[in-house]
Amino acid sequence: GLLFSNSSFEFKKYHITTNNFNSGQHHSGTAKIGSDKTIGLVDKNLKLFEADNIYICDTSIFPNFGNSNPGLTMMAFAIRLADHLKNIINKNDINV
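Please read all numbers here as calculations on a predicted model, not as lab measurements.

Peer 1: Which parts of the structure should I look at to understand the environment of Ile 33?
Peer 2: Relative to the helices and strands, Ile 33 resides in the loop between strand 2 (12-15) and helix 1 (71-91). Residues Ile 33 and Lys 44, 11 residues apart in the sequence, show an inter-C-alpha distance of 6.5 Å. In this view, Ile 33 contacts Ile 39, Gly 40, Val 42, Asp 43, Leu 46, Ile 61 and Phe 77; residues no more than four positions away in its chain are not counted.

Here you go:
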């Protein structure tokens, strides 16, 4: 493929080959989801195992990552977490 840049109003052409890219462009794995604290940092509801009321919702929850964009998957996790937190608030009759 080709990539064009118009920096300084001067068009330059860069040749791109597939070996210039790898799957490590999306950071992941620093707060892995897991069934218990021996294999993950957060549970299935994205709450830290070692703390109350702390949730993580970003790509760090993925143990590893491939070549696809994580945007839609992270939106799904965010909606799921919002529903979970809403249920906790309603259950405990908390005013926010």
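Back to the text.
Peer 1: Quick question: what am I supposed to make of unusual backbone geometry here?
Peer 2: Only a minority of non-glycine residues have a phi that is not negative, and only a minority of peptide bonds are not trans. A positive phi is found at Leu 46, a non-glycine position, where the angle reads about 70 degrees. One can find Leu 46 in the loop between strand 2 and helix 1. Positive phi, normally seen in glycine, also occurs at Asn 53, with a value near 60 degrees. Summarising the element assignment, Asn 53 is placed in the loop between strand 2 and helix 1.

Rules behind the numbers
Residues numbered from 1 in each chain as written. Predicted model: local features only at pLDDT ≥ 70, side-chain atom pairs only at ≥ 80, totals over all residues. Heavy atoms only, no water. Helix = DSSP H or I, 4+ residues; strand = E, 2+ residues; numbered from the N terminus. Contact = heavy atoms within 4.5 Å.

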